[in-house]
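# Coordinate inspection notes
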Amino acid sequence: MAGESNIRTALSNPAGWQSLLSFSILALAYLAAFSSRLFAVIRFESIIHEFDPWFNYRSTHHLVNYGFYNFLNWFDERAWYPLGRIVGGTVYPGLMVTAGTIHWLLNSLHITVHIRDVCVFLAPTFSGLTSIATYLLTKELWSQGAGLLAACFIAIVPGYISRSVAGSYDNEGIAIFALLFTYFLWVKSVKTGSIFWAGCTALAYFYMVSAWGGYVYIINLIPLHVFVLLLMGRFSYRIFVAYCAFFILGLVLSMQIPFVGFQPIRTSEHMASAGVFALLIAYGFLKYLHTHLSSLTKSEMRSLFVFAVAASAAAVLMAVVYLTYAGYVAPWSGRFYSLYDTGYAKIHIPIIASVSEHQPTTWVSFFFDLHVLVCTFPAGVWFCIKKINDERVFIVLYAISASYFAGVMVRLMLTLTPVVCILSAIAFSNVLERYLVDDTPKIHHIEDESEDDEEGDKRNKSKDLYDKAGKVRKIRHEPSGEPESLGGNVKTIVVMAVMMILMMFAVHCTWVTSNAYSSPSVVLASYNHDGSRNILDDFREAYYWLRQNTDDHSRVMSWWDYGYQIAGMANRTTLVDNNTWNNSHIALVGKAMSSNETRAYEIMKALDVDYVLVIFGGVIGYSGDDINKFLWMVRIAEGEHPKEIREGDYFTPQGEFRVDKAGSKTLLNCLMYKLCYYRFGEMQLDFRTPPGFDRTRNVEIGNKDISFQHMEEAYTTEHWLVRIYKVKKQDNRVRLDHTARKTDIKPKTKFTSRKSGKRKRGFIKNKMLIKKGKRPSSKNKKPSRKTSSKK
Amino acid sequence: MNRVAYELVVFGALLASCCTANQGAIGGDLVNSAVNRQIDLTSQLAKFTTTITLENAGKTATTSFVLAIDPTLRDRLSFIGATTKDDDAEKLSVTQTTVPGRTTDVLFRVDLRKALGAGQSTTVTVDESYTHAQTPFPAQITQAEDQLVLFKGNLHFYSPYKTVSETTTVKLASNKIESHTKTKAKVEDSSIVYGPFENVEPFSQEKLQVHYENNTPFLAVTSLLRVIEVSHWGNIAVEETYDVRHSGARLKGSFSRYDYQRQLDGRSSVKSFKTILPAAARDVYYRDEIGNISTSNLNEQDDAVELELRPRFPLFGGWKTHYYIGYNLPSYEYLYNSGDDYALHMRFVDHVYDDQVIDDITVKVILPEGSKNVDLSVPFPVDRHPDELHFTYLDTFGRPVVIAHKSNLVEQHIQEFTLKYSFQKLLLLQEPLLVVFAFYILFFTVIVYVRLDFAISKDEASESRMRMQGLLDQLQASQDKRTSLYQRYEDAIAKFKSTKDLAGFTGSRKKIDAEHKDLTTAIKELQGKLKLESTDMAEKVGELQKLDVNLKEQIVLSITLAEKVVAGKMGKQQYVDNEKVYSAKREDIMGKTETLLSSL
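Residues numbered from 1 in each chain as written. Chains lettered and ligands numbered in written order. Predicted model: local features only at pLDDT ≥ 70, side-chain atom pairs only at ≥ 80, totals over all residues. Heavy atoms only, no water.

### Describing the overall build of chain B
Filter applied, for reference: Secondary structure elements follow DSSP: runs of H or I of four or more residues count as helices, runs of E of two or more count as strands, with numbering from the N terminus. Our radius of gyration looks at C-alpha atoms and nothing else; its globule reference is 2.2 Å times the residue count to the power 0.38. Between buried and exposed lies partly exposed: a residue is buried under 20% and exposed over 50% of the maximum accessible area for its type, with that area taken using a 1.4 Å probe on protein chains only. Contacts are assigned to residue pairs with any non-hydrogen atoms lying within 4.5 Å of each other. To be clear on the numbers: accessible area is Shrake-Rupley with a 1.4 Å probe, and residue cover counts the displayed protein chains and nothing else. Positive residues here are Lys and Arg, negative ones are Asp and Glu, while His and the chain termini are left out of the count. In plain terms, the charge of a residue is placed at NZ if it is Lys, CZ if Arg, CG if Asp and CD if Glu.
Check the secondary structure of chain B and you find seven helices and 32 strands. Compactness check: chain B gives a C-alpha radius of gyration of 49 Å against a globular reference of 25 Å for 600 residues, more than 25% above the reference. Over its C-alpha atoms, taken along the principal directions, chain B stretches across nearly 155 × 65 × 50 Å. Out of the 600 residues in chain B, the part that is buried amounts to 48%. Sequence separation of at least 24 residues holds for 76% of the intrachain contacts in chain B that already meet a minimum separation of 6. Within the structure as shown, chain B displays about 29,500 Å² of accessible surface, and the carbon and sulfur contribution to it stands at 54%. A gap of 7 Å separates the mean positions of the 69 positive and 80 negative side-chain charges of chain B.

### Here we look at the sheet that holds strand β23 (residues 296–300) of chain B
All names here are of chain B. Note the cut-off: One requirement defines pairing of two strands: DSSP has to find at least two bridges between them. Axis lines are fitted through C-alpha atoms, for helices just across the contact stretch, and the angle between N-to-C directions can take any value from 0 to 180 degrees.
The strand order across the open sheet built from three strands is β20-β24-β23, with neighbouring strands paired in antiparallel fashion. Because the sheet does not close on itself, it has two edges, and the strands there are β20 (273–277) and β23. Each adjacent strand pair in this sheet contributes to an overall mean axis angle of 20°, direction not counted. Pairing analysis gives five bridges linking β23 to strand β24 (residues 305–309), with the strands arranged antiparallel. Looking at β24, one finds that Ser296 is bridged to Leu309.

### Things to note about the confidence of the model for chain B
All names here are of chain B. Which entries qualify depends on this criterion: For every residue, the pLDDT score states the predictor's confidence, bounded by 0 at the bottom and 100 at the top.
Here chain B averages 85 in pLDDT, while 95% of its residues score no lower than 70. Scored below 50 in pLDDT, residues 1–22 makes 30 contacts in the model with residues more than four places away or belonging to other chains. This prediction of the complex comes with two scores: 0.80 for pTM and 0.76 for ipTM.

### A look at the packing of aromatic side chains
Convention followed: Here is the rule: rings of Phe, Tyr and Trp (six-membered ring for Trp) pair when centre to centre is within 6.5 Å. Planes less than 30 degrees apart are stacked, more than 60 are edge-to-face, and the remainder are tilted. Distance and angle both matter: a charge sits over a ring if NZ of Lys or CZ of Arg is within 6 Å of the ring centre and within 35 degrees of the ring normal.
Scanning the entire structure with this criterion turns up 77 aromatic pairs over all chains. Centroid distance Tyr92 of chain A to Phe259 of chain A: 4.9 Å. Interplanar angle 70°. Geometry classified as edge-to-face. Within this pair, whereas Tyr92 of chain A is found in the loop between β2 (85–86) and α6 (94–108), its partner Phe259 of chain A is found in the loop between α13 (237–254) and α14 (263–266), the two being separated by 167 residues in sequence. What makes Tyr92 of chain A buried here is its relative accessible area of 16%. By way of ring pairs, the aromatic residues Tyr92, Trp186, Tyr205, Tyr215, Tyr243, Phe246, Phe247, Phe259 and Phe277 of chain A are connected into one cluster. Here Lys188 of chain A stacks its cationic end above the ring of Trp197 of chain A, 5.3 Å away from the centre of that ring. Lying over the aromatic face of Phe203 of chain B, Arg102 of chain B brings its terminal NZ or CZ to 3.5 Å of the ring centre.

### Examining helix α11 (residues 195–211) of chain A
Residue and element names in this part refer to chain A. Definition in use: Here the expected span of a helix is defined as 1.5 Å times the quantity of residues minus one.
Between the first and last C-alpha of α11 there are 24 Å, a value that for 17 residues agrees with the 24 Å anticipated at 1.5 Å per step. Every buried residue belonging to α11 is among Ala198, Gly199, Cys200, Thr201, Ala202, Ala204, Tyr205, Met208, Val209, Ser210 and Ala211, and all of these are buried. Against α6, α10 (171–192), α12 (215–231) and α13 lie the buried residues of α11.

### Some remarks on the sheet that holds strand β6 (residues 94–97) of chain B
Residues and elements named next belong to chain B. Read across the sheet, three strands follow the order β3-β7-β6 without closing on themselves; strand pairing throughout is antiparallel. The open sheet has two edge strands, β3 (62–68) and β6, and neither has a second partner. Across this sheet, the average inter-strand angle for adjacent strands is 40°, counted without regard to direction. Alignment of β6 against strand β7 (residues 107–116), held across four bridges, turns out to be antiparallel. Across the sheet, residue Thr97 finds its bridge partner in β7, namely Leu107.

### Section: the interface of chain A and chain B
Stated formally: Summed over both partners, the accessible surface that disappears when two parts come together, traced with a 1.4 Å probe, is what is meant by buried area. Within 3.5 Å is the distance limit for a polar contact, defined as a pair of N or O atoms, with the added protein rule that one can donate a hydrogen and the other accept it, and that residues adjacent in sequence qualify only through two side-chain atoms.
Listed as interface residues are 33 residues of chain A and, on the opposing side, 35 residues of chain B. Across the interface of chain A and chain B, roughly 3,300 Å² is buried in total on both sides, 51% from carbon and sulfur atoms. Put simply, chain A and chain B have 22 residue pairs in polar contact (both at pLDDT 80 or more) between them. Among the secondary structure elements, those contributing two or more residues to the side of chain A that touches chain B are α25 (468–481), α27 (538–549) and β10 (711–716) of chain A. Top element by residues in the side of chain A that touches chain B is α27 of chain A. It accounts for seven residues.

### Some details on the side chain of Thr392 of chain B
Within the secondary structure, Thr392 of chain B sits in the loop between β30 (383–390) and β31 (399–409). Overall, Thr392 of chain B belongs to the buried group, its relative accessible area being 6%. With residues near it in sequence (within four places) discarded, Thr392 of chain B still touches His110 and Thr112 of chain A together with Glu229 and Arg399 of chain B.

Here is the structure:
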């Protein structure tokens, strides 16, 4: 009988059900996060996507093959020819080390997984972890129910999926997990004020630093949080302990990453954290003094205190400004500056502006990436502000700053997405708590819980026990005070509406993921009328041709977008790549592409170029080709060589960029144009269009008579998407392309003067005719000449 | 060349039975009375089919004769085999031999099935295949040009015996002949007939040279790695890694996609080829280092799986590519066993494309973990490399890998090898048990971790909470029992009223009283313990006790009332009224107790 009752209590024990339910919801969220990112693998194959992931994959491969220390010391002579690139010191190694560790672990357990598969599936794996980290963070901020909702949201929200589908092996894939986990630990350490949690925060921060340049966001947001708490008069020793421990450990740890090095103490981006640290110490010191100086009156004390804090804040600010001015601290870099002035990059750094993901976000993309969450997220902010406490200040600051950054740059949508999920989950959880509960007493029960959370988490665990008496009392008091008479129908309608919205959200997420974010972009697919699929594999065709049929050390010139892919798939030396660290080198390539062939040949000779690779979409109508990117090449080249390249030359007098007959002569004869359209003028794609009809730009090309002097076509892929040209070695004797001008014209009939005999020679009047002996014979003459030449 | 010679020597050594015969004399009494040679140059190979009518002009019978390989081609020899028409085209054994005095020649001894008596004659057909015997000339051509190749051979049948009469037919891939040796030649469309030549001396050589157009694919597998992984769970996985090269005339100048797409030229290039896989092949894949090669078609037929492979790019002269294909086979078709002894019976090399040329092949057979006594037998000589160990899923001490290597193979080498080994069937259970054990350990650690307390400092609050929870559980149980006692009281009263058995009633009442007392003291004890944890709780329990005392009073009143009515001291109506009041009071107290309990 006792056993039976045990079972009964276990079954009716709400805590047991709750943990089982939340565990299974989290497990399902993990599964959903993982599997919704597999569209590309199922539709295509297990392959690395896009551009940057190819570099990451290549360096992970290096790490796996040669070990960690060789990876840190890796000098890549195959990139940025002839400069090379110190990869170990210019890369965030977190991603590679994570994948390498997983690979090592699996292989030491004799689970023989290829490193490529580890890399492909790393992002989905970490997305699952992100959803768990989101759950933890939201649970700390609000309640368990909101946490579960947030975990489900982040698992499928397109704004995050866009950067973490299987194969998108990029820093962001693991960085968002690191970011949220760091925030969770920070909130935890603010709540507890324990050094242990602060230490954990610093470790998570270290991982974040090793993984992504976005760590700067953490090291500015946490000090901002502390600063705002100080302003709000919410200083406590918990915050003091948490921040000081975090700052010092985090600073020391972050400096261990070679790429970061001394930046944390030398650049403006990090100065906010140091300033807040100094301020916090000063504040703490004044508080300490406060306890000892009891002679002053309260008001005196207060004004002194405010003055002292303001003075120390000003001193810190002055110190930073001075250090920046004196050159000890580097000022804001252009990349960061462009976050404040959106027009800055367009004028000063065209290379940053040329990347589509650095453009400002459109309104549509907010809805596209976040759907209903973007509408409910302000409600979540409002709930947090309404019931404010230390850690909710943090999430509000996070929401505000991330919204701003996401508005500035499409790419930073990624940092906004988690906070949108968290706050929307809070909003939804509030609505559901109000409308989904079936009976009045239970509503109070849950509301009490949330209030308890607000007071602190200590009681949370013991809610089954000694809080009950109080709650019962509340039942007695409150019904009279609160007009709590929602009809059953209203509740049902509201709940159904919310469920509808959430369902539509899930459908939208799946649709976006499957249609917009699951293309490897290395492989293209087109669909026929009957629904069957054609795979256009031109990129790999060309890269593999390069890999197999060119010399191992040949150098390939292409626009920088394809640098990483050429290095990764073709394994050939490139001149420029997606790590755009050297603007002038890129400008040189841009100059070569936008000059005429003769000028370009000089540049290519100087750079030892063997092959030139261009992307040409005119045959299949691929819009991301080099002609469409061409203006950026011109602009970047103009930035460095303003005398030789002028953007205006490439436009028609009306200011249009045209490739047809009306296009400017400079454009129609530049190297890029010729490389793209070589022999294209002969090609007739179908009977309705003239030969040489460019499908991307829908015009007939203007220059059909293209011939090369210094180059020859080496390979063109099946759909002409990639064209590779070989740069010919210089001839021993430079041949003229026209017939030589004759300068030694000799008359056909020998000219004979009509003057004869003495009259032939002209004479000077009164000049004496002098004879100086006799001319020697020819035999004697020759040796004398030789001796003279020897002299 | 050295390698070929070396292998042939190994080949000779393997066939120990002919050890003595290997160094025999040529046997000068034999005469080739009629020789008819067919040189097939329609593909990239040079296939010789020679029909020899052999006559024993001597006095003694002979059981073997010697074949000599033409010195201009001997480095390129890939395969030699002989059949005789006497008894249903049976294969004859061909072994390499050396003859004193002719050390530079490569010689083979063919054992005849029946001794050839004096004056008798027999007909033997000899097949030879030579790889890379046709060299492109010119060595470089542009995309628009046709591929011309040059074949150099011997106009006569190179034999240690005198040849009475011989003819040679050279079959070409096309009828465009640039030049050819004119000696007794007759051109018939795409073939040239030489001869007949009469009374040719032994070992006579005369240049035969043909220069003609051959646009057939000159494709060579420069290296092939064939890995066969045997699993005793019913699967054999095969993966083949290829390095393929177009060995024809190299492409000069540029490759124009425009011209290639108009199908006007590039005739010697290779666009695609067919590989024939076993009929049982499943899960076929075709990949390279950068992923799946999407340009392939799979055709399943009754007796084979046809895989049409298109390399990523068309192969022009000098271009090469690298890829791997893999597939699974059911093991019951290839793996045989009796008890613990197993035999794997598979092809050493499989079909890659028609008229294939494989320069080098390495075959690796991965056997299940724990296989012993490995014995490999291949129908032609191969190099055995030392065995290796391979580690993959759930392996502890590694799977043995048998490695064999051979160079210069053609279609005729598609033959089966047999690999015998022994394997204890019980070892099959090792891997599932390993998994079971691993999961056991995992769950056990979780259990231990959850059940035991590893905290180094005591958490007073939570411990007190837990103790209190335990006490409250006990309290709840006691209280439940006590409440049930009242029900029993009522039952006893009802029974008493109906039976009027005073003695029985008193007995049961005493019994219940005793139980009640026990429970009350027990609750009191619990109250004392609870006081240590929380006075608040203890107070509540005190209230509970008070309520219980009240309840008890009520029930006692009710009992006296019942006694009265049974004794007849009270009227029935009065009893019913009183009892109603009491039971209402009881209900009230019971209700209070419930709410108090639920608030605990």
